[in-house]
Structure formats: structure tokens, C-alpha cells
Amino acid sequence: MKIDILTLFPNMFDGVFTESIIKRAIDTEKVEINLINFRDYTDDPHNKVDDTPYGGGAGMVLMCQPIFDCVKSIRTDDSKVILLTPSGVPYKQKMAFELSHEKHLIIICGHYEGFDERIRSICDLEISIGDYVLTGGEVPAMVLVDSITRLIPGVINEQSYLEDSFSYKDNYLLDYPTYTKPRVYEGMEVPEVLLSGDHKRIEEYRKEESIKRTKEVRPDLLGDD
Ligand code: ADE
């Protein structure tokens with residue numbers, strides 16, 4: 001998969017793509033990630049990419065021209081263009097699964113007060129990572145790339161992500177509790193069932209704990225809130 005990220009702040013991504021699983025996915029050519037500064041595409045003699053809003057109001061608005069020209073130069077029939085905005089559809093694990101099967105993602109990071117409404121016309125999908133406003137789309141882009149890359153076949157063991165919280169093939173439950181050595185830590189014991197070696201009982205315990213935790217923390221996932 002190829003992912004092109006359109007951003008005014010490519011340096012913000014330093015570190016995120018050069019460590020751990022994402023780095024390995026890049027090194028093994030499971031994913032190619034390009035950071036494109038759309039300021040390089042502006043026609044403006046002063047390199048402007050934003051201007052004041054028509055009708056007045058605070059802040060600056062990203063202009064159409066640099067983003068339109070940048071997208072036109074990289075888009076193919078296989079591309080899916082994503083705009084990151086707090087007004088987008090809520091990002092979910094199911095969407096990460098779907099996007100992990102795409103060939104080419106173009107992710108546009110908004111910034112400042114917003115973007116010219118006409119930029120929406122060149123996008124296939126508008127995504128919000130949550131009901132809060134960030135300074136720009138860069139952190140959301142990192143969230144998308146991380147959550148999508150780990151689902152690309154061959155990047156991590158399939159069983160690991162099928163057992164994740166929100167894993168959508170089997171369920172929408174939160175993760176069950178896990179423990180590692182030592183058996184007792186500051187008086188807190190590992191549940192006996194996990195030491196029993198009885199796989200059926202362990203599976204039942206995990207399912208019950210998953211449901212219990214989901215009921216407590218995210219009843220909306222079970223449809224009973
Ligand atoms: N840009 C600013 N806030 C955002 C959010 N919550 N999701 C996606 N893009 C954003």
C-alpha cells in the first residue's frame with residue numbers, strides 16, 4: 001500500500017514512522033509512506049497557502065489551489081482521498097480494516113481555522129478521530145497510518161489483531177485482562193484459571209471478562225446504553 005500524507009508540517013512525523021512496527025512495515029515494503037508539503041504546490045509568489053475567511057471571522061482558511069494541484073498530481077484511479085476534520089465521520093476499527101485493503105491513500109491534514117469548503121469536492125471520505133478539536137490533521141494522520149498499517153497482511157500476526165479490542169470480525173468487545181510474571185505482585189494475584197492450563201475454561205473466562213468490561217466502560221458497544 002502507498003500512503004501520501006499532505007501536510008504543512010512534515011517534521012511533525014519524525015519518529016512516528018521510524019520506530020517499531022511502522023518502521024518494519026516500511027523496511028519490508030508492506031507500506032510506502034510519503035510526506036508531501038503542499039506549500040510546494042502554491043502558485044502564490046509569497047508561498048501563501050491560506051487566507052482570511054469570506055464573511056469575516058477568526059483565523060485563516062486553507063486555500064483550494066495548492067491542495068487541488070497537489071492531489072491532481074498524485075491521484076490515480078486506485079486512490080482514495082481522505083480529509084481529516086473534526087466534522088468527519090467517526091473513525092472506527094471497521095474503517096481501519098476496510099482502508100487496509102486499499103492500494104493508495106491520500107490523506108489531507110487540515111490546519112488553522114479550517115479549509116475552503118470546495119476542498120471537500122475532491123475527497124472520497126472525511127474522517128474525525130474523535131469529538132475534540134486538535135491543532136491540525138497531523139496527529140489524526142498518525143493515528144490512521146498506525147491503525148491501518150498494522151492490519152496490512154503480513155505486518156503483524158493476524159491472530160494478534162483479531163483478538164484486539166474492537167476487532168470487528170467476531171465481536172465489538174473490549175479486550176480481556178492479561179497478566180504476565182510474577183504470579184503475585186504487591187499482593188495482587190493472577191486469576192487461578194489462567195494458570196490451570198484448561199484452554200476451554202480460559203476461553204470462557206476471557207469472554208466473560210470482555211463482556212463485563214465492555215458493559216462497565218462501553219455499554220454503547222453492546223447496544224445497551
Ligand atoms: N483535525 C482537528 N481535529 C481533528 C479530529 N478530531 N479528527 C480529525 N481531524 C482533526
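Scroll up for the structure.
Source: prediction; values computed, not measured.

J.: Explain the site of the ligand to me, please; I cannot follow it from the model alone.
T.: In the neighbourhood of the ligand, the contacting residues comprise L84, T85, P86, I127, S128, I129, G130, Y132, V133, L134, G136 and P140. In this structure, a nitrogen atom belonging to the ligand sits 3.2 Å away from a main-chain N or O atom of G130. Within the complex, 96% of the 260 Å² of free accessible area of the ligand lies under protein. Going through the elements one at a time, β5 (79–90) and β8 (125–128) are the ones with two or more residues in the shell around the ligand. Among the elements that line the shell around the ligand, the one with the most residues is β5, at 3 residues. Each residue belonging to the shell around the ligand can be placed in one class, and the counts come to 8 nonpolar, 4 polar and no charged.

J.: Even after reading the chapter, I still don't get the pattern of salt bridges, so can you show me in this structure?
T.: Taken as a whole, this structure holds 12 salt bridges when the rule is applied. Residue R201 pairs with E192 through a salt bridge whose shortest N-O separation is 3.1 Å. Here E209 and K212 are joined by a salt bridge, their closest N and O atoms 3.6 Å apart. Taken together, the residues span about one helical turn, with E209 and K212 both in helix α6 (residues 199–217) at a distance of 3 residues.

J.: Sorry, what's going on with helix α2 (residues 64–74) here?
T.: Each turn of an α-helix holds 3.6 residues, which means side chains three or four residues apart point in the same direction. Every buried residue belonging to α2 is among C64, P66, I67, F68, C70, V71 and I74, and all of these are buried. Tucked inside the fold, the buried residues of α2 contact β1 (2–7), β2 (32–37), β4 (61–62), β5 and β6 (104–109).

J.: Would you take a moment to explain the pairing of β2 for this structure?
T.: Two faces belong to every sheet, and in a regular strand the side chains alternate between them. Bridge analysis of β1 against β2 gives 6 bridges, and the strand direction is parallel. By the bridge assignment, I5 is partnered in β2 with L35. This β-α-β element, β1 to helix α1 (residues 20–27) to β2, shows right-handed connectivity.

J.: Quick question: what am I supposed to make of the environment of G57 here?
T.: Inspection of the secondary structure assignment puts G57 in the loop between β3 (50–51) and β4. By relative accessible area, G57 is classed as exposed at 61%. The spacing of G57 and C123 is 66 residues in sequence and 25 Å in space, taken between C-alpha atoms.

J.: For this particular structure, what's the right way to read the sheet that holds strand β7 (residues 114–115)?
T.: Neighbouring strands of a sheet are bound in pairs by backbone hydrogen bonds; such pairs are parallel or else antiparallel. Here we have 3 strands laid out as an open sheet, ordered β3-β4-β7, and mixed in their pairing. Two strands bound the open sheet, and with one partner strand each, they are β3 and β7. As judged from the 2 bridges shared by β3 and β4, these two strands associate in the antiparallel manner. Opposite D50, over in β4, you have L62 as the bridge partner.

J.: Looking at this structure, how should I read the state of the cysteines?
T.: Chemically, a disulfide is nothing more than a covalent bond linking the sulfur atoms of two cysteines. Counted according to the given criterion, the structure contains 0 disulfides. Between C70, a cysteine without a disulfide, and C109, which holds the nearest cysteine sulfur, the sulfur-to-sulfur distance is 11 Å. Free cysteine C123: the closest other cysteine sulfur is in C64, separated by 10 Å. What makes C123 buried here is its relative accessible area of 14%.

J.: In this structure, what is going on with unusual backbone geometry? I would like to understand it.
T.: Across the chain, the bulk of peptide bonds are trans and the bulk of non-glycine residues have phi less than zero. Geometrically, the link from K181 to P182 is a cis peptide bond, its omega value of 5° lying close to zero. Even without being a glycine, N47 presents a positive backbone phi close to 65°. The residue N47 is located in the loop between β2 and β3 in this model. In this structure, E186 takes a positive phi of about 45° despite not being glycine. One can find E186 in the loop between β9 (184–185) and β10 (188–189). A residue is classified by how much of its surface remains accessible, and E186, at 68% relative accessible area, is exposed.

J.: Would you take a moment to explain a nonpolar patch on the surface for this structure?
T.: On the surface, a nonpolar cluster with roughly 470 Å² of combined accessible area is contributed by F9, M12, Y132, L134, V139 and V143. On the secondary structure map, M12 appears in the loop between β1 and α1.

Reading guide: rules and limits
- Residues numbered from 1 in each chain as written.
- Predicted model: local features only at pLDDT ≥ 70, side-chain atom pairs only at ≥ 80, totals over all residues.
- Heavy atoms only, no water.
- Near = heavy atom within 4 Å.
- Polar contact = N/O pair within 3.5 Å; in protein donor to acceptor, adjacent residues only side chain to side chain.
- Areas by Shrake-Rupley, 256 points an atom, 1.4 Å probe, with all protein chains shown as cover.
- Helix = DSSP H or I, 4+ residues; strand = E, 2+ residues; numbered from the N terminus.
- Nonpolar A, V, L, I, M, F, W, Y, C, P; charged D, E, K, R; others polar.
- Salt bridge = Lys/Arg side-chain N within 4 Å of Asp/Glu carboxyl O.
- Buried < 20%, exposed > 50% of the residue type's maximum accessible area, 1.4 Å probe, protein only.
- Contact = heavy atoms within 4.5 Å.
- Pairing = 2+ DSSP bridges.
- Right-handed = clockwise from strand over helix to strand, strands pointing away.
- Disulfide = S-S within 2.5 Å.
- Patch = residues over 30% accessible without salt bridge, like charges linked within 9 Å, V, L, I, M, F, W, Y side chains within 5 Å.

Geometry only, nothing functional implied.
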